[in-house]
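Each chain, written out:
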Amino acid sequence: MALCSFNQSYKLFRLWFFLRPFSVILIVVVMVGALLMVQTKMKDLTHKNGIFVQFNGQEEVLVKNLEPKKLQNWSSEGENVLISNSSIHKNGNFVQINGQEEVLVKNLEPKKVQNWSSEGQNVLINNSPYHNWELFAADYEEMMKTLMIFVYPDAFMSNKSSPFSTIFLPLTNPFDPKLGNYFSEHMFKIALLGSSLVTQNPEKAHFYYMPFSINVMRNHPRVHSAAAIEDFVAGYTDRIRSEFRFWNASGGADHFYVYCHSIGRDAASKHQELHHNAIQVTCSSNYFQRLYVAHKDIGLPQVWPRKYEEVLNPPDARYKLVFFAGRVQNSLARRDLLELWKNDSSFDIFSGSSSFPYKEGFRRSRYCLHVKGYEVNTARVSDAIQHGCVPVLISNYYDLPLANILDWSKFSIIVNERDIPHLKKILLSVPKQMYLSMYKNLGIVRKHFAWYSSPKNYDSFHMTVYQLWLRRGLHRVAW
């Protein structure tokens, strides 16, 4: 009897041992089916470690028991990205976190990440082209109410009162295409003189503008060589120091001058206080330049004359991957670019002028290259932004304009010059939704790269004087 019972148990054991793999598979199938049913009903409800996240109706998410993860590139629909806190909800759509702490973003608009904790904090996702728009906008409004700039009277002299008057006076035709790379230098002066920030009372001023033009000097019959320009600038600085008391009160630290011509790099070299203390607002904002001091000096957006805002070509109309046209003689990086990529059919790369209208290259391309030439800067950056072509910045040591306000990584790609051989791989690795997000952000930031005779809010002029505003508060001796 005992032996019979043992045989039956042994048979049952063998049967169970044989069916065990199938039972595991059955259990897995049942679990997957249940999960699919939940997903179908609940759509993309966020889940991590068995804890679900509930969204409210204000595009925020309540984070509960989620481990902090690094936020990387994300998209508005269908792209897997890592998360920093959690995701957001928009118009009834949710997001799903997979087992690798990634999130599938669907139909979400870019939002800014705010302070958060691992439990109970509301957070928003960050895709804004600004580091902190709210903080910047509030401080900007304060600047518009408070900032005062005194312009030395040379900018208002009669055209015939001095053989050097044109060096100080604003241009009468600033939108002349011949101005080219020096347009921003002249437009700053015109915009400042037409703004509400100018004060006639120098004792109330936060800053003092020295209105000489390096570009005009370069073409002046009496002052055109580099040495003559340096002498002229040093002499002018000494003159305002002796005729006015404001320079000596701060040692020139609240004085500034503006230029885009490369000769301006050494304009202050013969006057130590001007070099060490005064603020140079320059298109040639180069960390590696001996007379440029990043925390003191200011990068100026370099813009070509443009009267009208360009209508952006949509992404699906951009059938070329890359566009670049420019001289290569004075740039090793450009020569490398041409040598490596000139025969690639997805690249429109030209030494000199393109075989089609210059504007067309920006309109039909997804990425437009800014490659260091004689200087780190060119107007190709603003050209790309204005035409909706994502800038690819290949220019080591470039102190990007407005970088303390704008997050350049959200609307451009920065590539080290040594990585030119890997350029195509880098660009093709950009997820589609990341590209679309950068394209959208170009439409947001383009207003900061435009000049107007009558300044407009948040244009290049106001964004540049905001940089001055951040440098206010210097201690002065008594007048």
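See the structure printed just above.
Residues numbered from 1 in each chain as written. Predicted model: local features only at pLDDT ≥ 70, side-chain atom pairs only at ≥ 80, totals over all residues. Heavy atoms only, no water.

## Some thoughts on the sheet that holds strand S16 (residues 390–394)
- As summarised here, the arrangement of the 5 strands in space is S14-S13-S15-S16-S17, forming an open sheet in which the pairing is parallel. Among the strands making up the open sheet, the edge pair consists of strand S14 (347–351) and strand S17 (413–414).
- Relative to S17, S16 is paired through 2 bridges, and the arrangement is parallel. What sits directly across from Val392, in S17, is Ile413.
- Most of the contacts of helix H9 (residues 332–341) go to S14, to which it runs at about 130°, and overall it touches strand S13 (320–326), S14 and strand S15 (365–371).
- Each of S15, S16 and S17 touches helix H13 (residues 432–445); the most contacted strand, S16, lies at about 100° to it. (Pairing = 2+ DSSP bridges. Helix = DSSP H or I, 4+ residues; strand = E, 2+ residues; numbered from the N terminus. Contact = heavy atoms within 4.5 Å. Axes fitted to C-alpha atoms, helices over the stretch in contact; angles between N-to-C directions.)

## Quick look at the nonpolar core
- Judged by nonpolar contacts, the single largest core of 77 residues is most densely connected at Phe256, Tyr367 and Leu423.
- Taken domain by domain, the makeup of this core includes at least three residues from each of domain 1 (135–302 + 462–471) and domain 2 (315–449).
- With 26 residues, the next largest nonpolar core counts Ile167, Val233, Trp247 and Tyr259 among its residues. (Core = buried A, V, L, I, M, F, W, Y, C linked by side-chain atoms within 4.5 Å. Buried < 20%, exposed > 50% of the residue type's maximum accessible area, 1.4 Å probe, protein only. Domains from an automatic or database assignment.)

## Quick look at the packing of aromatic side chains
- Tallying each qualifying case throughout the model produces 36 aromatic pairs.
- Taken together, the ring pairs connect Phe164, Phe168, Phe212, Phe232, Tyr236, Tyr257 and Tyr259 into an aromatic cluster.
- The ring of Phe164 carries the charged tip of Arg222 above its face, separated from the ring centre by 5.8 Å.
- One Lys or Arg, Lys456, reaches over the ring of Tyr452 and ends 4.2 Å from the middle of that ring. (Phe/Tyr/Trp six-rings, centres within 6.5 Å; stacked < 30°, edge-to-face > 60°. Lys NZ or Arg CZ within 6 Å of the ring centre and 35° of its normal.)

## Some points on the pairing of strand S10 (residues 255–259)
- Counting buried positions along S10 gives 5 out of 5 residues, so the element sits mostly inside the fold.
- Pairing between strand S9 (residues 207–209) and S10: 2 bridges, direction parallel. Bridged to Tyr209 within S10 is Phe256.

## Considerations on a nonpolar patch on the surface
- Taken together, the side chains of Tyr287, Phe288 and Tyr397 make up a nonpolar region of the molecular surface, amounting to roughly 390 Å² of accessible area.
- Here Tyr287 is to be found in the loop between strand S11 (279–282) and strand S12 (298–299). (Patch = residues over 30% accessible without salt bridge, like charges linked within 9 Å, V, L, I, M, F, W, Y side chains within 5 Å. Areas by Shrake-Rupley, 256 points an atom, 1.4 Å probe, with all protein chains shown as cover. Salt bridge = Lys/Arg side-chain N within 4 Å of Asp/Glu carboxyl O.)

## Some points on the sheet that holds S12
- One open sheet holds the 5 strands; their spatial order is S8-S9-S10-S11-S12, and the pairing between them is parallel. What marks the edges here is a single partner per strand, and that holds for strand S8 (149–151) and S12.
- Those strands touched by helix H4 (residues 183–193) are S8, S9 and S10, and its axis lies near 130° from that of S10.

## Some details on the pattern of salt bridges
- Following the criterion strictly, the structure yields 17 salt bridges and no others.
- In this structure, the salt-bridge partner of Lys359 is Glu310, at a minimum N-O distance of 3.5 Å. Of this pair, Lys359 sits in helix H10 (residues 358–363) while Glu310 sits in the loop between S12 and S13, and the two are 49 residues apart along the sequence.
- For Lys359, a relative accessible area of 41% puts it in the partly exposed group.

## Some points on the state of the cysteines
- Under the definition given, this model contains 2 disulfides.
- Two residues, Cys260 and Cys283, share a disulfide whose sulfurs are 1.8 Å apart. One end of the pair, Cys260, is in the loop between S10 and helix H8 (272–276); the other, Cys283, is in the loop between S11 and S12, with 23 residues separating them in the sequence. Neither residue differs from the other here; Cys260 and Cys283 are each classed as buried.
- At a sulfur-sulfur separation of 2.1 Å, the disulfide partner of Cys368 is Cys389. Taking the torsion about the sulfur-sulfur bond, which here is approximately 100°, the covalent link between Cys368 and Cys389 counts as right-handed. Residue Cys368 is found in strand S15, and its partner Cys389 is found in the loop between helix H11 (380–386) and S16; the two are separated by 21 residues along the sequence.
- Note on Cys389: relative accessible area 0%, which makes it buried. (Disulfide = S-S within 2.5 Å.)

## Observations regarding the environment of Pro202
- Relative to the elements of secondary structure, Pro202 occurs in the loop between H4 and S9.
- For the pair Pro202 and Phe246, spaced 44 residues apart in the sequence, the C-alpha separation amounts to 8.0 Å.
- Leave out the neighbours within four places in its chain, and Pro202 touches Phe150, Tyr208 and Phe246.

## Observations regarding unusual backbone geometry
- Backbone geometry places Tyr397, a non-glycine residue, at a positive phi of 75°.
- You can see Tyr397 is positioned in the loop between S16 and S17.
- With phi around 65°, Tyr458 is a residue other than glycine that occupies positive phi space.
- Within the element layout of this structure, Tyr458 appears in the loop between H13 and helix H14 (460–469).

## Some points on the packing of helix H2 (residues 133–146) against H14
- Relative orientation of the contacting elements H2 and H14 amounts to 85°, with a least axis distance of 10 Å. Relative to H14, the element H2 lies roughly perpendicular. Mapping the contact onto sequence places Phe136, Asp139, Tyr140, Glu142, Met143, Met144 and Thr146 in H2 and His462, Met463, Val465, Tyr466 and Trp469 in H14.
- In the contact of H2 with H14, the residues fall into 8 nonpolar, 2 polar and 2 charged. (Parallel < 35°, antiparallel > 145°, perpendicular 65-115°, else oblique. Nonpolar A, V, L, I, M, F, W, Y, C, P; charged D, E, K, R; others polar.)

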